[in-house]
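So you can see what is in the structure, the chains are spelled out below.
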Amino acid sequence: MTKTKTYGLAIVLITSLFFFWGFIHNLDPILIKHLRSAFSLTHFQASLVDSAVFIAYFVLAIPAGIIMKRFGYKVGIVVGLLLFALGCFLFIPAANTMSYAFFLGALFVLSCGLTILETAANPYITVLGDPAKATQRLNFAQSFNGLAAFVAPIVGGYVILADEPKSAGEIADMTEQARLAYIQAETALVKGPYLVLGLIILLVAMLFIVTKLPEIQEEEDAVASKGFFGAFRHKNVSWAVVAQFFYVGAQVYVLSFLLVFAEDALQMHGQDAKYYAGAAGLAFMIGRFVGSFFMKFIQPYKLLMLYSVFAVLLCVLVIYGEGIVTLYALVGIAFFMSIMFPTIFAMGLEGTGADTKSASSLIIMSIVGGAIIPPLASKVTDFSGNVHLSYYVPLFCFIVVLFFAWRNKSVAVLPESVSSTRNEL
């Protein structure tokens, strides 16, 4: 039944969630750079930040759906926000104890909250108001996710990154007392920003608790599904899970390690490199709008193939190129990654019928690629001593996406309800 009531405050609150999870995800490159310097981490050890974040999507994807189904979207959102805030607050004892493992644990708790929020917010924003404007509301909300991708690296770099971080060699030459004092000073830099963010999220949670939100009555599937994993009987679902796994892994590595690449390959200071991270977020946002526009005239699989080819070519430039052009190439990759998640998602759901919900959950669970691919690529750097060579890994990932697009070229029309899917990371 169409609702005529306007849920102004509810729309504002839900839209704010898109900004907050986009902001926290795009702080990860800053956090990786900062913790790597503070704890003298290898590339592989630093990549565990991404693992702690994205393993939560695999663990919580199904439980999040159960929470929504049993208790409703409002309860799910509040639970997600409270876990989000708790994870932020845990950064304080993590800094006080100077424990990298504690930081990873805090990130996992925080990301469990994000998983629940992201599971709820996308469908929920579509029912808050006129159904005819559902897609418009979702696109509007997603724009704040893109805005966060641009803002977070710059703001985070300013408040978290030290002006003159010590190299691993300099830290090793310190006395034990001086080394501990340095680590304490470096880790303390994260306490203020995450404390403020946690308090803001807690306030948002309180607003959700006291705000009356509309209930969602979901219709039952007309045809009984053949169980959760029955969706794999659709070949496009199986291939979408594989493609999404590799795509998300590539995206996370490219964006999360951009500052590390700038430092290792170009000896660029973090305070300068943060602007390139912001540019990558901006390129991602612009790429989404450009892709959405051209998708009105070009079949989705063709555009996905085109974007994949450019991503592969830019990876080759990163691997074999030298100087600042390689950093520009990484920013360019961000542009061409922009449409990949929603397009793979939509093509994977094509023709799934009663298995749509199960197929959707399976594709979302494949986000765990963000926990596995970055450590693999980081191992390449640690073994070879050459950060350029690690981009063979995302190159392979984009080839998988290219093959997925070619193999599923029969999917000619991207469903409007999915074409506006947000940047998942």
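Refer to the structure above for everything that follows.
Conventions adopted
Residues numbered from 1 in each chain as written. Predicted model: local features only at pLDDT ≥ 70, side-chain atom pairs only at ≥ 80, totals over all residues. Heavy atoms only, no water. Helix = DSSP H or I, 4+ residues; strand = E, 2+ residues; numbered from the N terminus. Buried < 20%, exposed > 50% of the residue type's maximum accessible area, 1.4 Å probe, protein only. Contact = heavy atoms within 4.5 Å. Areas by Shrake-Rupley, 256 points an atom, 1.4 Å probe, with all protein chains shown as cover. Phe/Tyr/Trp six-rings, centres within 6.5 Å; stacked < 30°, edge-to-face > 60°. Lys NZ or Arg CZ within 6 Å of the ring centre and 35° of its normal. Patch = residues over 30% accessible without salt bridge, like charges linked within 9 Å, V, L, I, M, F, W, Y side chains within 5 Å. Salt bridge = Lys/Arg side-chain N within 4 Å of Asp/Glu carboxyl O. Core = buried A, V, L, I, M, F, W, Y, C linked by side-chain atoms within 4.5 Å. Polar contact = N/O pair within 3.5 Å; in protein donor to acceptor, adjacent residues only side chain to side chain. Expected span 1.5 Å × (residues − 1). Disulfide = S-S within 2.5 Å. Axes fitted to C-alpha atoms, helices over the stretch in contact; angles between N-to-C directions. Parallel < 35°, antiparallel > 145°, perpendicular 65-115°, else oblique. Left-handed = near helix turned anticlockwise from the far one by under 90°.

(A) Fine view of the overall build of the protein. When you go through the protein residue by residue, the secondary structure sums to 20 helices and zero strands. The buried share of the protein, taken over its 425 residues, is 55%. Look at the contacts in the protein between residues 6 or more apart in sequence, and 86% of them connect residues 24 or more apart. By element, 68% of the accessible surface of the protein is carried by carbon and sulfur atoms, the whole surface being about 17,500 Å².

(B) Seen up close, the environment of His34. Locating His34 in the fold gives a position in helix α2 (residues 28-39). Taking the C-alpha atoms as reference, His34 lies 9.6 Å from Val260; in sequence the two are 226 residues apart.

(C) Main features of the packing of aromatic side chains. Taken as a whole and judged by the stated rule, the model has 23 aromatic pairs. With centroids separated by 4.7 Å and ring planes inclined at 40°, the aromatic side chains of Phe18 and Trp21 adopt a geometry described as tilted. Of this pair, Phe18 and Trp21 both sit in helix α1 (residues 8-25), three residues apart, which is roughly one turn of the helix. Assessed through its relative accessible area of 0%, Phe18 is described here as buried. Here Trp21 falls in the buried class, since its relative accessible area comes to 0%. Measuring from ring centre to ring centre gives 6.3 Å for Tyr276 and Tyr328, while their planes differ by 40°; the resulting arrangement is tilted. With Tyr276 in helix α13 (residues 270-294) and Tyr328 in helix α15 (residues 324-337), the pair connects residues that are 52 residues apart, well separated along the chain. Here the aromatic residues Phe39, Phe91, Tyr100, Phe103 and Tyr194 are joined through ring pairs into a cluster of three or more. In this structure, Lys379 packs its charged tip against the face of Phe44, placed 4.5 Å from the ring centre.

(D) Spatial organisation of a nonpolar patch on the surface. A surface patch of nonpolar side chains, amounting to about 760 Å² of accessible area, comprises Leu82, Leu195, Leu199, Leu202, Leu203, Met206, Leu207, Ile209 and Val210. With respect to the helices, strands and loops of the structure, Leu207 is situated in helix α10 (residues 191-210).

(E) Broad picture of the nonpolar core. Membership of the largest hydrophobic core comes to 137 residues, with the highest contact counts inside it found for Leu17, Phe84, Tyr194, Phe208, Tyr247 and Phe398. Among the elements that line this core, the one with the most residues is helix α6 (residues 100-125), at 14 residues. Among residues more than four places away in sequence, those in contact with Phe84 are Phe20, Ile24, Leu110, Gly113, Leu114, Leu117, Leu197 and Ile201.

(F) Representation of the side chain of Arg36. Position of Arg36 among the secondary structure elements: in helix α2. Only 3.1 Å separates the side chain of Arg36 from the side chain of Glu263, close enough to count as a polar contact. Setting aside its immediate chain neighbours within four residues, Arg36 contacts Leu41, His43, Ala46, Val260, Glu263 and Asp264.

(G) Examining the pattern of salt bridges more closely. Inspection of every chain in the model, using the stated rule, returns three salt bridges. For Asp264, the salt bridge is made with Arg36, and the minimal N-O distance between the two is 3.4 Å. Here the residue Asp264 occupies a position in helix α12 (residues 258-266), and Arg36 occupies one in helix α2, the gap between them amounting to 228 residues. What makes Asp264 partly exposed here is its relative accessible area of 27%.

(H) Spatial organisation of the environment of Phe23. Tracing the chain through its elements places Phe23 in helix α1. With relative accessibility at 15%, the residue Phe23 sits in the buried group. Here the alpha-carbon distance between Phe23 and Ala148, two residues 125 residues apart in the chain, equals 4.7 Å. Dropping the residues within four chain positions of it, Phe23 is found in contact with Ala148, Val151, Ala152 and Val155.

(I) Expanded view of helix α4 (residues 73-89). Across its 17 residues, α4 extends 24 Å between first and last C-alpha, which sits within 8% of the 24 Å expected from 1.5 Å per residue. Restricting attention to buried positions, one finds in α4 the residues Tyr73, Gly76, Ile77, Val78, Gly80, Leu81, Phe84, Ala85, Gly87 and Cys88.

(J) Quick peek at the side chain of His25. With respect to the helices and strands, the residue His25 is situated in helix α1. Looking at His25, its side chain comes within polar contact range of the side chain of Tyr57, at 2.7 Å.

(K) View of the state of the cysteines. According to the stated counting rule, one finds zero disulfides in the structure shown. The thiol sulfur of Cys315 is not disulfide-bonded, and the nearest other cysteine sulfur, from Cys397, lies at 8.6 Å. Take Cys315: its relative accessible area is 0%, and that puts it in the buried class.

(L) How the structure looks around the packing of helix α11 (residues 235-256) against helix α16 (residues 340-349). Two elements in contact, α11 and α16, have axes whose closest approach is 8 Å; the angle formed by their N-to-C orientations is 165°. One element, α11, and the other, α16, form an angle in the roughly antiparallel class. Our pair here, α11 against α16, has a crossing hand that is left-handed. Each of Asn236, Val237, Ala240, Ala243, Gln244, Tyr247 and Val248 in α11 lies in contact with α16, whose residues at this interface are Met340, Phe341, Ile344, Phe345, Met347, Gly348 and Leu349.

(M) Layout of the environment of Ala311. On the secondary structure map, Ala311 appears in helix α14 (residues 300-320). Residues Ala311 and Ala329, spaced 18 residues apart in sequence, show a C-alpha to C-alpha distance of 9.0 Å. With near-sequence residues (within four places) excluded, Ala311 lies in contact with Ile333, Phe336, Met340 and Phe398.

(N) Structural detail: the packing of α13 against α15. Where α13 meets α15, the axes come as close as 6 Å, and the angle between the chain directions of the two elements is 35°. Seen from above, α13 lies across α15 with right-handed handedness. For the pair formed by α13 and α15, the contact residues are Tyr276, Ala279, Ala280, Ala283, Phe284, Ile286, Gly287 and Val290 on the first element and Ile324, Leu327, Tyr328, Val331, Ala334, Phe335 and Met337 on the second.

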